[in-house]
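Descriptive analysis of the structure
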Amino acid sequence: MGQRILLVEDERALALITERHLQALGYEVETVSGGEAALGAVERERPQLVLMDIVLGADELDGIDTTERLLERFDVPVIYLTGADDDVTIDRAAQTEAYGYILKPIERAQLRSAIEMALGRHRAERRLVQTKQLLWTTLRSIGDGVLTTDGEGRVVMVNRAAEELLGRPPEELLGRPL
């Protein structure tokens with residue numbers, strides 16, 4: 001069973017071509033044509049990745065607005081598919097922290113590499129979050145006082161033992177110089 005990809009594309013001919021590319025690459029594909037439909041499909045189907053057209057015709061939400069809402073609610077990587085290569089659109093899209101931007105017409109090799117890079121980056125980011133959570137849990141539970149600082153010497157973490165030793169709550173310590 002292949003990885004699930006949600007394709008958000010309102011031009012039916014382009015959607016069919018992209019679906020065929022994705023299926024030939026071994027992905028399971030669901031296609032919707034608008035932003036609201038995309039939000040519902042991600043909640044229902046939990047795809048591993050979303051391919052998002054930026055211009056979504058008559059829908060009230062364009063692809064960038066939809067991506068912002070998706071990323072607020074779900075942990076899913078998004079790659080834009082679009083014919084728009086103007087600076088304003090690219091700058092606006094970059095603000096959403098999407099995983100890629102592919103210009104139409106879409107080539108199968110380009111699509112495959114963008115998807116695999118996005119999925120790999122997403123897996124790495126998830127592992128990093130899990131590692132941070134494990135480290136934080138470990139540091140909070142040890143009996144010795146521990147403070148960590150960033151590169152500029154500002155406190156970014158303080159465990160309970162350090163709070164007790166210093167007699168100060170974390171909100172008085174975090175972000176301040178050591």
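What counts, and where the lines are drawn
- Sequence order as written defines the numbering, with residues in each chain counted from 1.
- Where totals are concerned, whole chains, interfaces and linings use all residues; where local detail is concerned, this predicted model gives features only for residues with pLDDT of at least 70, and gives and counts side-chain atom pairs only at 80 or more.
- Heavy atoms from the whole structure form the basis of all side-chain values; hydrogens and water molecules are not counted.
- Lines are fitted to the C-alpha atoms to define the axes, a helix being fitted only along its stretch in contact, and any angle between axes, read from their N-to-C directions, falls within 0 to 180 degrees.
- Numbered from the N terminus, helices here are DSSP runs of H or I no shorter than four residues, and strands are runs of E no shorter than two.
- Crossing handedness follows the turn of the near helix against the far one: under a right angle anticlockwise gives a left-handed crossing, and clockwise gives a right-handed one.
- Residue contacts are counted whenever heavy atoms from the two residues lie within 4.5 Å of one another.
- Amino acid classes used here: Ala, Val, Leu, Ile, Met, Phe, Trp, Tyr, Cys and Pro are nonpolar; Asp, Glu, Lys and Arg are charged; the rest, including Gly, are polar.
- The term nonpolar core refers to a set of buried residues drawn from Ala, Val, Leu, Ile, Met, Phe, Trp, Tyr and Cys, joined through side-chain atoms within 4.5 Å.
- Using a 1.4 Å probe on the protein chains alone, a residue whose accessible area is under 20% of its type maximum counts as buried, one over 50% counts as exposed, and one in between counts as partly exposed.
- Any two of the Phe, Tyr and Trp rings considered here, Trp counted by its six-membered ring, make a pair once their centres fall within 6.5 Å; the pair's planes then place it as stacked at under 30 degrees, edge-to-face at over 60, or tilted in between.

Here the focus is the packing of helix α1 (residues 12-24) against helix α5 (residues 108-141). Contact pair α1 / α5: the axes reach a minimum separation of 10 Å and the direction vectors enclose 65°. Both α1 and α5 take part in a crossing whose hand is right-handed. Seen from α1, the contacting residues are Thr18, Arg20, His21, Leu22 and Ala24; seen from α5, they are Arg108, Leu111 and Ile115. Among the residues making up the contact of α1 with α5, the classes are represented as four nonpolar, two polar and two charged.

A separate point is the nonpolar core. Grouped together as the largest cluster of nonpolar side chains are 20 residues, with contacts concentrated most on Leu6, Val8, Val42, Val50, Met52, Leu70 and Tyr80. At the level of elements, β1 (4-8), α2 (35-45), β3 (49-53), α3 (63-73) and β4 (78-82) are the ones that each hand at least two residues to this core. Setting aside its immediate chain neighbours within four residues, Tyr80 contacts Met52, Ile54, Gly63, Ile64, Thr67, Ala93, Thr96, Ala98, Gly100, Tyr101 and Ile102.

Once that is clear, we can look at the packing of aromatic side chains. All chains considered together, the criterion is met by one aromatic pair. An angle of 70° between the planes, with centres 6.2 Å apart, marks the rings of Tyr80 and Tyr101 as edge-to-face. Of the two residues, Tyr80 is situated in strand β4 and Tyr101 in strand β5 (residues 100-103); the sequence distance between them amounts to 21 residues. Residue Tyr80 is classed as buried on the basis of its relative accessible area, which comes to 0%.

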